[in-house]
Amino acid sequence: MRFISLSSLIFSAICAVSGPATAEPSPVVVELFTSQGCSSCPPADELLKRLATREDVLPLAYHVDYWDYIGWADAFADPAHTVRQRGYAQVGGRNMIYTPQMIIMGREDVVGADAMQLSEVLGTYAGHKPKVNLSVLVRGEQISIKVPKQPERRGDVLRVQLVRYMPLRRVDIKRGELAGNTLDYANVVESVQVLADWDGADPLDLSVELPDDLPAAVLVQQWPFGPILAAARAE
């Protein structure tokens, strides 16, 4: 992938993606796999930042570590993010991974800087309802998570995950392909905690402590690396 400048093409296309914000009970989850060592990634990072202003989309930036060798170690990179991206590739029958890549709802794979393609995919989820009923309630420093039993999904593994992320970080990149640039990164994933691998046979009722004030979201995903069935911000 070559560098795509933040041109009028990208900005006009993102207007089509933006649309009016609505309070959907289950936002569309957009996972961007990116890196500060990737010269093609800034347009995708900017696109994700714009998506972060929407209520009906939950954009998450997973910084990967496999470009660190070219001169700049991404401070947000985590080997677990690379494992996640490889997992999606394996399940999706893809024999390679790349940046910038977006995975929408654990299903669709699009080039992260392709605003038009992303807009088309997001359009297919307009007004979508969650596949499972997820209730997330925050009281002080504790999150309560409830999901009713899912007998029709018996035999599936449903992974319940708590994602913590940083809303906005600015980075001065001093080496590598993007040396000399100051870039903003939105919704940078700090951690993904597996709360339960659940078979749906009985109702799920969890309580989790939040040790800090980072934003959080809960994902219910068919595992391994299958569709995201429901998502909710912990607000």
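Attention in this report is confined to the structure presented alongside it. Position numbers for residues start from 1 in each chain and track the written sequence from start to end. A pLDDT threshold of at least 70 governs which residues receive local features in this predicted model, and a stricter bar of 80 or more applies before side-chain atom pairs are shown or counted, although totals over entire chains, interfaces and linings include all residues. Excluding hydrogens and water, the side-chain figures rest on all heavy atoms present in the structure.

Strands are labelled as partners when DSSP assigns at least two bridges between them. In DSSP terms, a helix is any run of H or I states spanning at least four residues, a strand is any run of E spanning at least two, and both are numbered starting from the N terminus. Sheet architecture is open: three strands sit in the order β5-β6-β9, paired in antiparallel fashion. What marks the edges here is a single partner per strand, and that holds for β5 (135–139) and β9 (204–209). On average, adjacent strands in this sheet sit at an angle of 15° to one another, irrespective of strand direction. Sheet analysis places strand β6 (residues 142–147) next to β9, joined by six bridges and oriented antiparallel. Where helices are involved, their axes are fitted lines through C-alpha atoms of the stretch in contact, as for all axes, and angles between N-to-C directions lie from 0 to 180°.

Once that is clear, we can look at the pairing of strand β7 (residues 157–172). In this sheet, strand β10 (residues 216–223) lies alongside β7 in antiparallel orientation, the contact comprising eight bridges. Counted as the bridge partner of V160 is V220 from β10. In this sheet, strand β8 (residues 182–198) lies alongside β7 in antiparallel orientation, the contact comprising 14 bridges. Pairing of L162 across the sheet is with Q193, part of β8.

The next thing to look at is the environment of Q117. With respect to the helices and strands, the residue Q117 is situated in helix α4 (residues 115–124). On the basis of relative accessible area, Q117 is assigned to the partly exposed category, the value being 29%. Filtering out sequence-adjacent residues up to four positions away, Q117 remains in contact with D109, V110 and V111. A simple rule labels every residue: compare its accessible area, found with a 1.4 Å probe on the protein chains alone, to the largest value its type can have, and call it buried under 20%, exposed over 50%, or partly exposed in between. Contacts were defined at the residue level, with two residues in contact if any of their heavy atoms lie within 4.5 Å.

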